[in-house]
Amino acid sequence: EAGLSVILDVKRNDIGSTAEAYAKAYLGTTTLFDGAEAEATPVDCVTVNPYLGIDGVEPFAKICAERDKAAFILVKTSNKSSGEFQNKLMGDQPLYVRMAEKVAEWGEGLMTECGYSQVGAVVGATYPEEQKIIRQIIPHSYFLVPGYGAQGATAKDIANAFNDDGLGAIVNSSRGIMCAWKKCDLDYQEAARKEAIRMRDDIVSAIK
C-alpha cells in the first residue's frame, strides 16, 4: 500500500514441478476454484535456494521475466557455518564462486533498463572479502546483504557489496530495527525509525 518493494525471505526450492508451484505461489498467479487467476502472495522478490540446480531455479526466472519480479539466489550466506559447504573447492574454485558464476549466467537474459538483472544474489555482510570476489563476477546483479547489526557486521564490512556508483546492494537488518526499542525509552515505532535512519547514514558514510 505504501508503494514499497517487498522481499520475501523464504529460501524456497524443490524438484522442478514443485519449484514451479512455489514460483507461481510467491511470484505468479494461482487458479482459484472459479477459474479466476489471483496473486496469492503480493510480493516483488523472493530468496531461492539453488542447491537443486537449474530445474529448481528456472521456474522462478521464468515468472520474473513474465511479471517484472526478481529472485535473490543464495550465494554466500551470513551464518557462521556457511563455509562448511560454500567455501569447499569445486575444482580450483570454492562453491560460492561457482554459484556466483551461475547467477551471472541465469541473469543474462533478464537484464533491465537500469542495467541490473532480475536475478540477484544473497551475499552476507559478515564476509567482506567474499563480497569483493562475488561483485567482480556479477557486477550487474543486486545483492541482498544480511548480517548487518545483530550478526556483527558493520557498514565498513558491506562496502564491497556495492558498485562504484554506490548502487547494487540492499542491506537487511531485521533484529536491529525490530528490537531497537529494547535499547531505548522510545515507542517501538519511533525506535525502529530512528535505528533505520542511523543505519542508512552509517552505510552511506561507508560507501561514499
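Conventions adopted
Residues numbered from 1 in each chain as written. Predicted model: local features only at pLDDT ≥ 70, side-chain atom pairs only at ≥ 80, totals over all residues. Heavy atoms only, no water. Phe/Tyr/Trp six-rings, centres within 6.5 Å; stacked < 30°, edge-to-face > 60°. Helix = DSSP H or I, 4+ residues; strand = E, 2+ residues; numbered from the N terminus. Buried < 20%, exposed > 50% of the residue type's maximum accessible area, 1.4 Å probe, protein only. Lys NZ or Arg CZ within 6 Å of the ring centre and 35° of its normal. Expected span 1.5 Å × (residues − 1). Arc of directions from axis to C-beta. Contact = heavy atoms within 4.5 Å. Pairing = 2+ DSSP bridges. Axes fitted to C-alpha atoms, helices over the stretch in contact; angles between N-to-C directions. Parallel < 35°, antiparallel > 145°, perpendicular 65-115°, else oblique. Left-handed = near helix turned anticlockwise from the far one by under 90°. Nonpolar A, V, L, I, M, F, W, Y, C, P; charged D, E, K, R; others polar.

Draft legend 1. Spotlight on the packing of aromatic side chains. Applying the stated rule across the entire model yields 2 aromatic pairs. Aromatic pair Y22 and Y26: ring centres 6.3 Å apart, planes at 25°, arrangement stacked. Pair noted here: Y22 and Y26 are both in helix α1 (residues 16–26), with a separation of 4 residues, about one helical turn. For Y22, a relative accessible area of 25% translates into the label partly exposed. Aromatic pair Y116 and Y142: ring centres 4.6 Å apart, planes at 55°, arrangement tilted. Of this pair, Y116 sits in the loop between α4 (95–106) and β8 (119–123) while Y142 sits in the loop between α5 (128–137) and β9 (143–145), placing them 26 residues apart in sequence. Exposure remark for Y116: the relative accessible area of 8% places this residue in the buried category. According to the relative accessible area criterion, Y142 is partly exposed, its value standing at 24%. The positively charged end of K76 is found above the aromatic ring belonging to Y127, 4.1 Å away from the centroid.

Draft legend 2. A look at the environment of K132. Along the chain, the position of K132 falls in helix α5. Considering only alpha carbons, one finds K132 and A159, 27 residues apart in sequence, at a separation of 8.9 Å.

Draft legend 3. Inspection of helix α8 (residues 188–207) at higher detail. Compared with the 28 Å implied by 1.5 Å per residue over 20 residues, the 29 Å span of α8 between its first and last C-alpha is a close match. Within α8 the residues assigned to the buried category are A191, A192, E195, M199 and I203. The buried side chains of α8 occupy one side of the element, clustering within an arc of 95° when seen end-on. In α8, those exposed residues whose orientation departs by more than 90 degrees from the buried face are Q189, R193, K194 and S205. Against the buried residues of α8 lie α6 (155–158), β10 (169–171) and α7 (175–178).

Draft legend 4. Molecular detail of the sheet that holds β8. Pairing is parallel across the open sheet formed by 6 strands, whose spatial order is β1-β4-β5-β8-β9-β10. Two strands close off the open sheet at either side, each with one partner strand: β1 (7–12) and β10. Averaged over all pairs of adjacent strands, the angle between strand axes in this sheet comes to 25°, irrespective of strand direction. Taken together, the 2 bridges between β8 and β9 define a ladder with parallel strand orientation. Residue pairing across strands places V122 opposite L144, the latter belonging to β9.

Draft legend 5. Expanded view of the packing of α1 against helix α2 (residues 54–67). Packing of α1 against α2 leaves a shortest axis separation of 8 Å and a crossing angle of 30°. What the angle tells us is that α1 and α2 run roughly parallel. Crossing handedness for the pair α1 and α2: right-handed. Residue-level contacts link G16, A19, E20, Y22, A23 and K24 of α1 to D55, G56, P59, F60 and I63 of α2. Per-class residue counts for the contact of α1 with α2 are 6 nonpolar, 2 polar and 3 charged.

Draft legend 6. Main features of the environment of L8. Residue placement: L8 occurs in strand β1. Along the chain, L8 and G53 lie 45 residues apart, while their C-alpha atoms are 21 Å from each other. Residues in contact with L8, not counting those within four places in the same chain, are Y26, T41, V43, C45, V46 and T47.

Draft legend 7. Just the environment of L167, in detail. Position of L167 among the secondary structure elements: in the loop between α6 and β10. Look at L167 and you get partly exposed, because its relative accessible area is 42%. Each C-alpha atom of the pair L167 and A206 lies 13 Å from the other, and the pair is 39 residues apart in sequence.

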